[in-house]
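# Breakdown of the fold
Listed below, chain by chain, are the residues.
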Amino acid sequence: MSWARIMVPLAGTPNDQGVLTSAATLAAAFNAELACVHAPADMADLMPWMGEGFMGGVQVTALESLKEAAQEGAKTVGKMAADLGYGRTRVISLDSPVWAGLAMEGRLSDVIVFDDAAARGKGPLAESFQQLVADEQRPILVARPGFRTDGVALIAWDGGKEASRAVRTALPLLEKASAVVVAGAPAASSRAFELDRLVEFLAARGVKASVRALEGSGDAGSLLLGAAKDVNANLLVAGAFGHPRLQEFIFGGTTRTLLNSDGPSLFLSH
């Protein structure tokens, strides 16, 4: 099992450089195609604010500005992709409706890479991150500084279907890790689960893992981040949004704790 297409949404600004480099690192590890998808601001999003049947000078100027920004952004993405020097790179610039195009590119990709800012709800791609991980349910890598494919991977296990999907989807990456640690906090979960069962599951698929049982009944996210630091993990594999999104938004949840942390890179699947 491997990955053939890695996608990285890009806003078309110099701030894209970090996430683009991380995405190239991931793609190179699998000799996969790197799809650099430029997702500019969508002109269609302005139309409801312009008034039906009316196109004044301010509105025309706004549309022209967005069009020019999109063109400049596309050039920036093209140059950064070329400067990578990765042979299997493909540049795609989306037209309106941008979200529909982004969703389709995501459905045709194995993993989608975002940076830390988007995961924290900041920057022009923050909404795209939320939609792709929660609504489209695509596997997401939140690439943080120092991301590598051959480091220590910590798996957050609570026996839930989200965690199960994350582990199964991340198997190609887990196979490349220097060490894999299965961590869980039974006292902090309402589910009954056994960490050793996941170790057996991984072993049957050629991935050797150890167990780290976490003591405490508090915030599972904080316990997992502490464990990641203890084992020097540079990747944390976890299920995303295990509760309804409204409940996650109101009460926080493990997902939000992980996204807002300064911990390792995250591999998330809903």
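Note that this is a predicted model, so its numbers are computed, not measured.

Below, the discussion takes up the overall build of the chain. When helices and strands are tallied, the chain shows 10 helices and 10 strands. Long-range contacts, defined here as pairs at least 24 residues apart, represent 78% of the contacts in the chain between residues at least 6 apart. When the accessible surface of the chain is split by element, carbon and sulfur atoms take 52% of a total near 13100 Å².

Moving on to the packing of helix α6 (residues 161-174) against helix α7 (residues 195-203). Orientation of α6 relative to α7, taken along the N-to-C sense of each, is 55°, at an axis distance of 12 Å. The orientation of α6 with respect to α7, classified from their angle, is oblique. Crossing handedness for the pair α6 and α7: right-handed. Taking contact as the criterion, the partners of V167, R168, L171 and L174 in α6 are, on α7, L198, F201 and L202. Across the contact of α6 with α7, the residue classes tally to six nonpolar, no polar and one charged.

Geometrically, the link from S96 to P97 is a cis peptide bond, its omega value of 0° lying close to zero. By secondary structure assignment, the location of P97 is in the loop between β3 (89-93) and α3 (98-107). Unlike most non-glycine residues, Q137 shows phi in positive territory, near 55°. Mapped onto the fold, Q137 is located in the loop between α5 (126-135) and β5 (140-143). Positive phi outside glycine occurs at N232, with the angle close to 60°.

For the chain, per-residue confidence averages 88 on the pLDDT scale, and residues scoring 70 or more make up 87% of the total. For the stretch residues 242-252, pLDDT sits under 50, and the model shows 12 contacts to residues farther than four places along the chain or on other chains.

What follows is about the packing of aromatic side chains. The tally for this structure, following the rule as stated, stands at three aromatic pairs. Ring geometry for W3 against F30: centres 4.8 Å apart, planes inclined by 45°, an arrangement best described as tilted. Taken together, the residues span a long stretch of sequence, with W3 in the segment before β1 (5-10) and F30 in helix α1 (residues 17-30) at a distance of 27 residues. Pair check on accessibility: W3 and F30 agree, each one buried. Each ring, one from F114 and one from F129, has its centre 5.4 Å from the other, and the planes form 85°; the classification is edge-to-face. Here the residue F114 occupies a position in strand β4 (residues 111-115), and F129 occupies one in helix α5, the gap between them amounting to 15 residues. The buried category is assigned to F114, whose relative accessible area is 2%. Taking relative accessible area as the criterion, F129 reaches 2% and is therefore assigned buried.

Turning next to α7. Among the residues of α7, those classed as buried are L195, L198, V199 and L202. Within α7, the buried residues cover an arc of 105° as seen down the axis, which keeps them to one side.

Moving on: the packing of α3 against α5. For the pair α3 and α5, the least separation of the axes is 11 Å and the interaxial angle reads 45°. Relative to α5, α3 is oriented oblique. The crossing of α3 and α5 is right-handed. Here W99, L102 and A103 of α3 lie close against α5, whose contacting residues are S128, Q131 and L132.

This brings us to α6. The end-to-end C-alpha distance of α6, which contains 14 residues, comes to 18 Å, matching closely the 20 Å that a straight helix rising 1.5 Å per residue would cover. Maximal helix bending in α6 amounts to about 35°, located at R168; proline P172 follows within four positions. Of all 14 residues that make up α6, 10 are buried, and the element is covered over most of its length. Looking at α6, one finds that the buried residues are E162, A163, A166, V167, T169, A170, L171, P172, L173 and L174. Tucked inside the fold, the buried residues of α6 contact α1, β6 (152-156), β7 (179-184), α7, β9 (235-239) and β10 (265-269).

Analysis parameters
Residues numbered from 1 in each chain as written. Predicted model: local features only at pLDDT ≥ 70, side-chain atom pairs only at ≥ 80, totals over all residues. Heavy atoms only, no water. Helix = DSSP H or I, 4+ residues; strand = E, 2+ residues; numbered from the N terminus. Contact = heavy atoms within 4.5 Å. Areas by Shrake-Rupley, 256 points an atom, 1.4 Å probe, with all protein chains shown as cover. Axes fitted to C-alpha atoms, helices over the stretch in contact; angles between N-to-C directions. Parallel < 35°, antiparallel > 145°, perpendicular 65-115°, else oblique. Left-handed = near helix turned anticlockwise from the far one by under 90°. Nonpolar A, V, L, I, M, F, W, Y, C, P; charged D, E, K, R; others polar. pLDDT = per-residue confidence, 0-100. Phe/Tyr/Trp six-rings, centres within 6.5 Å; stacked < 30°, edge-to-face > 60°. Buried < 20%, exposed > 50% of the residue type's maximum accessible area, 1.4 Å probe, protein only. Arc of directions from axis to C-beta. Expected span 1.5 Å × (residues − 1). Bend = angle between axes of the 7 residues up to and from the residue.

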